[in-house]
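Working through the structure, step by step
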Amino acid sequence: MPAFPTRHALQALALLIFPSLASAAGPGSHCASAAHVQAIDGRPGWFRIETAAGRTAARWPAAAPGGGAAPAYVIRALENRWDSDGNPATETDTLVVTAGSTVRWLLVSGLHTLTSGRDSADPDAGNRFDYLLDEQHAWFDSTFTSPDTVEFFCFFHEPGMRGVLIVSGSASVRDGPQPTRLRFTRAPWPNPSLGGATSFAVGVPREQAVRVEVLDAEGRRVALLHDGPLAAGDHPFRWRGASDRGERVRSGLYVVRLRAGEVTAMRTVSVLR
């Protein structure tokens, strides 16, 4: 395991990523456009992080075991965004995987936190995980064994560096008849949605490229939930009533559209605030 760096070494690394720290008055100060990173005494591998948005305590991820199988998916931490689809235009990076898949979180450039939650204002931010990714701890793998929706962000790069990982049911587990056509296997629920969040499921008869998105009443895209291949089987989705920019949508009627090739299916959902 790499040697534990001193507080000043970690601050020096932060200066490389956040040059404005160079004008700070000293080790205990920070400015609105910078982040302050400090090792926590008596807790090796833990760091106190403070930005203009708030503060958190993050830790290095556990050492990744060597010699393991290559991950099925990779989420890259770039200079100021997450990237799993190779599309720089994706505002909220979204990745859908099947249960049992291994996902690698890989630092490509910069210094980042991998913090659970929508953003620092989320009351549950950091409750599931709060990691610091640096040059000494640049990657680790996670295996998700059950359906889930995991939102995450970087404390240093709010509000632009957000992501969503959707874990669908394993394609190898057959709980019933397989879909014979592309369709909704579970309609949006609750509907109406008092808080905006709604869940649904889609059935895919064979592995193919599928696009799942939410449109407003005028047909304009509000949120892109998935755009890429899905394995055969049922896949659960959850829309949290927010746009691609992370903004809560207004009350009104919305359309969840499922599309693959020339096949399209749609369901409506009402949002009440």
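This text follows the structure it describes.
In short, a report on the structure. (Residues numbered from 1 in each chain as written. Predicted model: local features only at pLDDT ≥ 70, side-chain atom pairs only at ≥ 80, totals over all residues. Heavy atoms only, no water.)

A few points about the overall build of the protein
Summing up its helical and strand segments, the protein has one helix and 19 strands in all. Counting every position in the protein, which comprises 273 residues, the buried fraction comes to 47%. Look at the contacts in the protein between residues 6 or more apart in sequence, and 59% of them connect residues 24 or more apart. Total accessible area on the protein is roughly 13700 Å²; 51% of this is exposed by carbon and sulfur atoms. (Helix = DSSP H or I, 4+ residues; strand = E, 2+ residues; numbered from the N terminus. Buried < 20%, exposed > 50% of the residue type's maximum accessible area, 1.4 Å probe, protein only. Contact = heavy atoms within 4.5 Å. Areas by Shrake-Rupley, 256 points an atom, 1.4 Å probe, with all protein chains shown as cover.)

What to know about the layout of surface pockets
Space inside the largest pocket adds up to approximately 360 Å³. Lining the largest pocket are 20 residues, with Ser84, Asp85, Thr94, Leu95 and Asp227 sitting closest to its centre. Among the elements of the structure, strand E4 (73-77), strand E6 (92-98) and strand E16 (221-230) are those that each provide at least two residues to the lining of the largest pocket. Sort the elements by how many residues they give to the lining of the largest pocket and E16 lands first, with six residues. Residue composition of the lining of the largest pocket, grouped by class: eight nonpolar, seven polar and five charged. (1 Å grid on protein atoms, 1.4 Å probe; cavity = no way out; pocket = protein on both sides within 12 Å on 5 of 7 lines; lining within 4 Å. Points joined across faces, edges and corners; volume = space filled by probe spheres on them. Nonpolar A, V, L, I, M, F, W, Y, C, P; charged D, E, K, R; others polar.)

Considering empty space enclosed by the protein
This structure, assessed with the given rule, holds one cavity of 30 Å³ or more. When its volume is computed, the largest cavity comes out at roughly 280 Å³. As for the largest cavity, its lining consists of 21 residues, and the residues nearest its centre are Thr92, Glu151, Val164, Ala242 and Ser243. Within the residue set of the lining of the largest cavity, elements represented by two or more residues are E6, strand E11 (148-153), strand E12 (162-168), E16 and strand E17 (233-239). The element contributing the most residues to the lining of the largest cavity is E12, with four residues. Taken together, the residues of the lining of the largest cavity sort by class into eight nonpolar, seven polar and six charged.

So, the sheet that holds strand E14 (residues 198-204)
Taken together, the three strands give an open sheet; going across it, the order is E13-E14-E17, and neighbouring strands pair in antiparallel fashion. A strand with exactly one partner marks an edge of an open sheet, and here the two such strands are strand E13 (183-189) and E17. Pairwise comparison of adjacent strand axes, ignoring direction, gives a mean angle of 15° for this sheet. Judged from the four bridges that link them, E13 and E14 form a sheet pairing that is antiparallel. Looking at E14, one finds that Arg183 is bridged to Gly203. (Pairing = 2+ DSSP bridges. Axes fitted to C-alpha atoms, helices over the stretch in contact; angles between N-to-C directions.)

Some words on the pairing of strand E3 (residues 54-59)
Inspection of the sheet shows strand E2 (residues 46-51) paired to E3 by six bridges, in the antiparallel sense. Looking at E3, one finds that Ile49 is bridged to Thr56. Here E2 hands over to E3 after two residues, the two strands then running antiparallel side by side.

A short note on the nonpolar core
Membership of the largest hydrophobic core comes to 31 residues, with the highest contact counts inside it found for Trp82, Trp105, Leu114, Leu132, Phe152, Phe156 and Leu165. For this core, the elements supplying multiple residues, two or more each, are strand E1 (36-39), E2, E4, E6, strand E7 (102-107), strand E9 (130-133), E11 and E12. Apart from residues no more than four positions distant in its own chain, Trp82 is found in contact with Ile75, Arg76, Ala77, Asp93, Thr113, Leu114, Phe152, Phe153, Cys154, Met161, Arg162 and Gly163. (Core = buried A, V, L, I, M, F, W, Y, C linked by side-chain atoms within 4.5 Å.)

Section: the packing of aromatic side chains
Scanning all chains against the criterion turns up 10 aromatic pairs. Their ring planes at 80° and their centres at 5.4 Å tell us that Trp82 and Phe152 sit as a pair that is edge-to-face. Of the two residues, Trp82 is situated in strand E5 (residues 82-83) and Phe152 in strand E11; the sequence distance between them amounts to 70 residues. Taking the relative accessible area as the measure of exposure, Phe152 reaches 1% and is therefore buried. For the pair Phe129 and Tyr131, a centre-to-centre distance of 6.3 Å together with 10° between the ring planes defines the contact as stacked. Across the pair, exposure class does not vary: Phe129 and Tyr131 are buried alike. (Phe/Tyr/Trp six-rings, centres within 6.5 Å; stacked < 30°, edge-to-face > 60°.)

Re the side chain of Ser193
The topology assignment puts Ser193 in the loop between E13 and E14. Within polar-contact distance, the side chain of Ser193 engages the backbone oxygen of Ala197 at 2.7 Å. When neighbours within four sequence positions are excluded, Ser193 is seen to be in contact with Ser270, Val271 and Leu272. (Polar contact = N/O pair within 3.5 Å; in protein donor to acceptor, adjacent residues only side chain to side chain.)

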